[in-house]
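# Fold and contact review
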Amino acid sequence: MTWPEFGKLHPFAPVEQTGGYQILFEQLEAWLAEITGFAGISLQPNAGSQGEYTGLLVIRAYHEDRGDAHRDICLIPQSAHGTNPASAVMAGMKVVAVACDALGNIDARDLRAKAEAHSARLAALMVTYPSTHGVFEESITEICATVHAHGGQVYMDGANLNAQVGLCRPGDFGADVCHLNLHKTFCIPHGGGGPGMGPIGVAAHLVPFLPRHPIVTMGGERGIGAVAAAPWGSASILTISWVYIALMGAAGLTEATRVAILNANYIAKRLEPYYPVLYKGRGGLVAHECILDLRQFKSSAGVEVDDIAKRLMDYGFHAPTVSWPVAGTIMVEPTESESRQELDRFCDAMIAIRAEIEQIELGQMDRHDNVLKNAPHTAQALLSDEWTHPYTRAQAAYPAAWTREHKFWPSVGRIDNVYGDRNLVCSCLPIEAYTV
Ligand SMILES: *Cc1c(COP(=O)(O)O)cnc(C)c1O
């Protein structure tokens, strides 16, 4: 990325001066098309959410082109990521929610009823596969067929493509558009706000509507306008996904998918005796992530999901996704990149925390002054002359053997999340400090 050949090119450099990038775009598009089973790819969107917006505009352009400009209803299951309804509204559609059943699947009967009721105005269904509940929707083919039967298009949220690459392809089971989060599935590091890339893949009938650009010739002949300032989004980071796919190869990518699914199921099985796994597929398995239900500890021990997340820091772990998609739970997505040893350390930490909760439940540990409620423990708090808590400093700081060898010291103790969310605190110097 930092090679000047990649990093020093202006996004609007004349195409004849960007030969290397053109090869990279072409090859990456071909690879992504093969992986997803789609006919065309647009590398313009800069994020998954922008891919959603782009894909829905493409669907709208398709309907308009066929004289169906009135199709503006977008069906979205309750389990969807928040960006789905937001993108639908930005693309000028009206959102109709579809219910989920007790197993976390789309309620097929409710979907049929909603598709039927809105048949004349049905524009699209947005569906995440495997779902954000961490299960492979068994009726996905049937779901797509239902939407098509009513004249709608299927937008697949491909953020969970990590569970599909090499094993199955959205284009094969009925999706018309799908975005890929290259910063999730294809190795671009993310977190802390990007940058990411959210290209979309589309079936052949939608290729003519792929985004164009006012300065650079690209996209479909009846394509929508540009969705990003630069024609190929954050092009320089595409080098990461290109190298990743090139080095992994077809067999390597498929193996990564298998290991990602295996890792999630390993964690689910090891932790299930201690924490209920909220949603599972029919065979008792999860997809590439699992949701651990922590809600029961609120009444049994006064312990909430945040207490467990903060206590994990004392064990040396950054907590998994907290309270999403279900409040009071954690969603664990280990991916293919953690070693067996690391997975075991994480499970050991969670099991040890369960024992700490049990001590509170049994009244052996105070309900308010305990290792969970006071977590995370900073060096500053532990090195004070006075220690009044009913547990030892060692219990606080070295709860597991490995923390003696590799200790992560949290730099701040417990903060008041709600207060922080509601009160803007400016830490800048006062304006006088800048005057001469
Ligand atoms: C991450 C995610 C998105 C949004 O992608 P961004 O690149 O963060 O905009 C959408 N849907 C699901 C299911 C996701 O996990």
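Structure report, in brief. A quick note: this is a predicted structure, and the numbers were derived from the prediction, not measured.

## Considering the layout of surface pockets
When its volume is computed, the largest pocket comes out at roughly 1,100 Å³. Around the largest pocket, the lining comprises 41 residues; the ones closest to its centre are H190, T321, E333, P334 and T335. Those elements giving two or more residues to the lining of the largest pocket turn out to be α3 (48-65), α7 (238-271), β10 (329-332) and α10 (340-361). Across the lining of the largest pocket, the residue classes tally to 16 nonpolar, 17 polar and 8 charged.

## Some remarks on the site of the ligand
What surrounds the ligand is a group of 13 residues, the closest being G48, S49, D157, H183 and K184. A distance of 2.7 Å separates an oxygen atom of the ligand from a polar side-chain atom of S49. D157 places a side-chain nitrogen or oxygen 2.5 Å from a nitrogen atom of the ligand. Relative to its unbound accessible area of 380 Å², the ligand is 83% covered by the protein chains. Broken down by element, the residue count for the shell around the ligand peaks at 3 residues, all from α3.

## Regarding the packing of helix α2 (residues 19-36) against α7
Packing of α2 against α7 leaves a shortest axis separation of 10 Å and a crossing angle of 45°. As the angle between them shows, α2 and α7 are arranged oblique. α2 and α7 meet at a crossing whose hand is left-handed. Counting all contacts with α2, which are made through L24, F25, Q27, L28, W31, L32 and I35, the residues of α7 involved are L238, T239, S241, W242, I245, A246 and L253. The residue makeup of the contact of α2 with α7, split by class, is 11 nonpolar, 3 polar and no charged.

## Some thoughts on the state of the cysteines
Evaluated as defined, the whole model comprises 0 disulfides. Lacking any disulfide linkage, C168 is separated from the closest cysteine sulfur, that of C178, by 11 Å. According to the relative accessible area criterion, C168 is partly exposed, its value standing at 22%.

## Quick word on the nonpolar core
The biggest cluster of nonpolar side chains holds 41 residues, and the ones touching the most others in it are L271, L292, I308 and M350. Listed in part, the 26 residues of the second largest apolar core include Y21, A33, I35 and M218.

## Structural notes on the sheet that holds β10
Ordered by their spatial adjacency, 3 strands build an open sheet running β8-β10-β9, and the pairing between neighbours is antiparallel. Sheet topology places β8 (290-293) and β9 (321-322) at the edges, where each strand pairs with a single neighbour. Strand direction decides the pairing type here: β8 and β10, joined by 4 bridges, are antiparallel. Pairing of D293 across the sheet is with T329, part of β10.

## Quick word on the packing of aromatic side chains
Counted by the stated rule, this structure contains 15 aromatic pairs. With a centroid separation of 6.3 Å and 80° between ring planes, the pair formed by F317 and W402 is classed as edge-to-face. Of the two residues, F317 is situated in the loop between α9 (305-314) and β9 and W402 in helix α13 (residues 402-405); the sequence distance between them amounts to 85 residues. With respect to class, F317 is no different from W402; both count as buried. Among the aromatic residues, those joined into a cluster by ring pairs are W3, F6, Y21, F25 and W232.

## Things to note about the sheet that holds strand β5 (residues 153-157)
Spatial strand order, β1-β7-β6-β5-β4-β2-β3: 7 strands in an open sheet with mixed pairing. Whereas interior strands pair on both sides, the edge strands pair on one side only; in this sheet they are β1 (40-42) and β3 (94-98). In this sheet, neighbouring strand axes are inclined to one another by 25° on average, regardless of whether the strands run parallel or antiparallel. For strand β2 (residues 73-77) and strand β4 (residues 122-128), the ladder comprises 3 bridges, and the chain directions are parallel. From the neighbouring strand, I73 faces β4, where its bridge partner is L122.

## Observations concerning empty space enclosed by the protein
This model, assessed by the stated rule, comprises 1 cavity of 30 Å³ or more. The computed volume of the largest cavity comes to approximately 40 Å³. Taken together, N162, V165, T185, F186, Y244, L253, A256 and T257 make up the full set of residues lining the largest cavity. Of the residues assigned to the lining of the largest cavity, the class counts are 5 nonpolar, 3 polar and no charged.

## With respect to unusual backbone geometry
Cis geometry is adopted by the peptide bond preceding P130, which originates at Y129 and carries an omega value of -15°. Take P130: it is sitting in the loop between β4 and α6 (140-149). Note the cis peptide between W324 and P325, where omega equals 0°. Mapped onto the secondary structure, P325 falls in the loop between β9 and β10. Residue C187 is not a glycine yet carries a positive backbone phi of 80°. Inspection of the secondary structure assignment puts C187 in the loop between β6 (177-179) and β7 (200-202). Phi is positive for T335, close to 60°, though the residue is something other than glycine.

## Observations concerning the pairing of β10
Looking along a regular strand, one sees the side chains alternate between the two faces of the sheet. Of the two faces of β10, the one holding T329 and M331 and the one holding I330 and V332 are both buried throughout. Two elements, β9 and β10, share 2 bridges in a ladder whose sense is antiparallel. Within β10, the residue paired with V322 across the bridge is I330. The hairpin formed by β9 and β10 contains 6 residues between the paired strands, and S323 there has a positive phi angle of roughly 60°.

## Quick look at the side chain of H63
By the secondary structure assignment, H63 is in helix α3. When sequence neighbours within four positions are dropped, the list of residues in contact with H63 reads D68, A69, R71, L122, A123, G151 and Q153.

What counts, and at which threshold
Residues numbered from 1 in each chain as written. Predicted model: local features only at pLDDT ≥ 70, side-chain atom pairs only at ≥ 80, totals over all residues. Heavy atoms only, no water. 1 Å grid on protein atoms, 1.4 Å probe; cavity = no way out; pocket = protein on both sides within 12 Å on 5 of 7 lines; lining within 4 Å. Points joined across faces, edges and corners; volume = space filled by probe spheres on them. Helix = DSSP H or I, 4+ residues; strand = E, 2+ residues; numbered from the N terminus. Nonpolar A, V, L, I, M, F, W, Y, C, P; charged D, E, K, R; others polar. Near = heavy atom within 4 Å. Polar contact = N/O pair within 3.5 Å; in protein donor to acceptor, adjacent residues only side chain to side chain. Areas by Shrake-Rupley, 256 points an atom, 1.4 Å probe, with all protein chains shown as cover. Axes fitted to C-alpha atoms, helices over the stretch in contact; angles between N-to-C directions. Parallel < 35°, antiparallel > 145°, perpendicular 65-115°, else oblique. Left-handed = near helix turned anticlockwise from the far one by under 90°. Contact = heavy atoms within 4.5 Å. Disulfide = S-S within 2.5 Å. Buried < 20%, exposed > 50% of the residue type's maximum accessible area, 1.4 Å probe, protein only. Core = buried A, V, L, I, M, F, W, Y, C linked by side-chain atoms within 4.5 Å. Pairing = 2+ DSSP bridges. Phe/Tyr/Trp six-rings, centres within 6.5 Å; stacked < 30°, edge-to-face > 60°.

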